[in-house]
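Residue-level structure breakdown
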Amino acid sequence: MKIVCRYFSGTGNTRRACEALLGELEKSGHTTSIGAIGKNAPSEVEPCDCLLIGYPVHGFNTPSPVLKFLKSLPKTEHLPCYLLRTSGEPLKFNDASGITPKRILKKKGYDVMGEFHYVLPYNIIFRHSDGMAARMKLGMELRLPDDAQKIAHMQRFRVKCGPLSRFVSLACRIEHTAMPLIGRHFKTTETCVGCGKCAAVCPQGNIRMTDGKPKFGKSCAGCMGCVFSCPQDAIHPALFESWKVNGAYTFDAPPATDGEVCRYCNKAYLRYFHDGESMKR
Ligand SMILES: Cc1cc2nc3c(=O)[nH]c(=O)nc-3n(C[C@H](O)[C@H](O)[C@H](O)COP(=O)(O)O)c2cc1C
Ligand code: SF4
Ligand code: SF4
């Protein structure tokens, strides 16, 4: 079977999750291919037996470039498709982010068979400890063999979503309109060394280097890739300044113990793993 994956990822979590799931499928003899979604990424999808769409949850929704990409897909007849999302919190509200992509795909003739959800460290609001990042990654890895088998056997499984989640998600969809406006007000400080890393990581091609300094355009999707990746921590993300997270997680620190307490909410990290090692469905 050939599985084609297209993903949107600001800070690498979703890309890592998609690559890991495809890796499992390859181990059992399937052929896979992977590519990014973004303003300058190709919109064509090569012929396949199954499509996997990866995205990070943004404000209980799917990021707008993903919806745009799905709308650009050609019509098909019952092509099996799975969604894979990552989020920073194990909240049920996040499940509502699947509603719009499922609706678009169904209209185009795709058969959405199921939705995978992995909780991976936050790239906005607060920084998890590296130990927690490592444990989240382990939690994901424990589930991958089963999840790959679901795809291999074309298993159908539903994620239920209540009215409150739908309402919260709908209310937060304002992010799609607000982000391009907020993104235009991102600024850099004098510590910027003009390395161009922010422009290189931006999936929207929204950053142009002008006279050695980044200039932010009108296509920001709020993925925080630029802010997270800047080696100088030189980007002020306008309204998101107090929620800024800068610097990559290592993922190979000793995994957090059940008793480790989150620096942000002062609750034990165990709440992330209320159902087995992770959000097992
Ligand atoms: C603008 C924005 C909004 C987010 N909203 C949510 C959210 O509603 N729920 C959640 O659990 N995580 C949220 N997150 C966290 C990301 O979903 C999470 O860190 C994800 O794994 C990032 O994936 P990426 O590295 O592929 O971009 C948000 C992140 C950003 C940047
Ligand atoms: S990544 Fe940071 S230091 Fe490099 S150009 Fe962008 S803002 Fe400047
Ligand atoms: S400008 Fe920054 S936050 Fe906006 S889409 Fe590009 S990398 Fe993401």
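Basis of the calculations
- Residues numbered from 1 in each chain as written.
- Chains lettered and ligands numbered in written order.
- Predicted model: local features only at pLDDT ≥ 70, side-chain atom pairs only at ≥ 80, totals over all residues.
- Domains from an automatic or database assignment.
- Pairing = 2+ DSSP bridges.
- Helix = DSSP H or I, 4+ residues; strand = E, 2+ residues; numbered from the N terminus.
- Axes fitted to C-alpha atoms, helices over the stretch in contact; angles between N-to-C directions.
- Contact = placed C-beta atoms within 7 Å.
- Buried ≥ 20, exposed ≤ 12 C-beta atoms within 10 Å, placed from the backbone.
- Near = placed C-beta within 6 Å.
- Nonpolar A, V, L, I, M, F, W, Y, C, P; charged D, E, K, R; others polar.
- Parallel < 35°, antiparallel > 145°, perpendicular 65-115°, else oblique.

Glancing now at the domain arrangement of the protein chain. Splitting the protein chain by domain gives domain 1 (2-168) and domain 2 (175-243). One C-alpha centre belongs to domain 1, the other to domain 2; they are set 25 Å apart.

What follows is about the sheet that holds strand E1 (residues 2-7). The five strands are arranged E2-E1-E3-E4-E5 in an open sheet whose pairing can be described as parallel. Only two strands of the sheet have a single partner each, and these edge strands are strand E2 (31-36) and strand E5 (110-119). The mean inter-strand angle of the sheet, taken between neighbouring strand axes irrespective of direction, is 20°. In this sheet, E5 lies alongside strand E4 (residues 79-87) in parallel orientation, the contact comprising nine bridges. Its bridge partner lying in E5, Pro-80 is registered against Asp-111. Seen against the sheet, helix H3 (residues 99-107) touches strand E3 (50-56), E4 and E5 and runs at an angle of roughly 160° to E5.

Position of Glu-26 relative to the elements: it lies in helix H1 (residues 13-27). When the 13 C-beta atoms within 10 Å are taken as the criterion, Glu-26 is described as partly exposed. Sequence-wise, Glu-26 and Ile-104 are 78 residues apart; in three dimensions their C-alpha atoms are separated by 28 Å.

What follows covers the site of ligand 2. Close to ligand 2 lie 13 residues, the nearest being Cys-192, Cys-195, Lys-197, Cys-198 and Cys-230. Across the shell around ligand 2, the residue classes break down as eight nonpolar, four polar and one charged.

Contact pair helix H2 (residues 64-72) / H3: the axes reach a minimum separation of 9 Å and the direction vectors enclose 10°. Judged on the interaxial angle alone, H3 and H2 are roughly parallel. Residues Val-66, Leu-67, Leu-70 and Lys-71 of H2 form the contact with H3, whose participating residues are Thr-100, Pro-101, Ile-104 and Leu-105. Among the residues forming the contact of H2 with H3, the class breakdown is six nonpolar, one polar and one charged.

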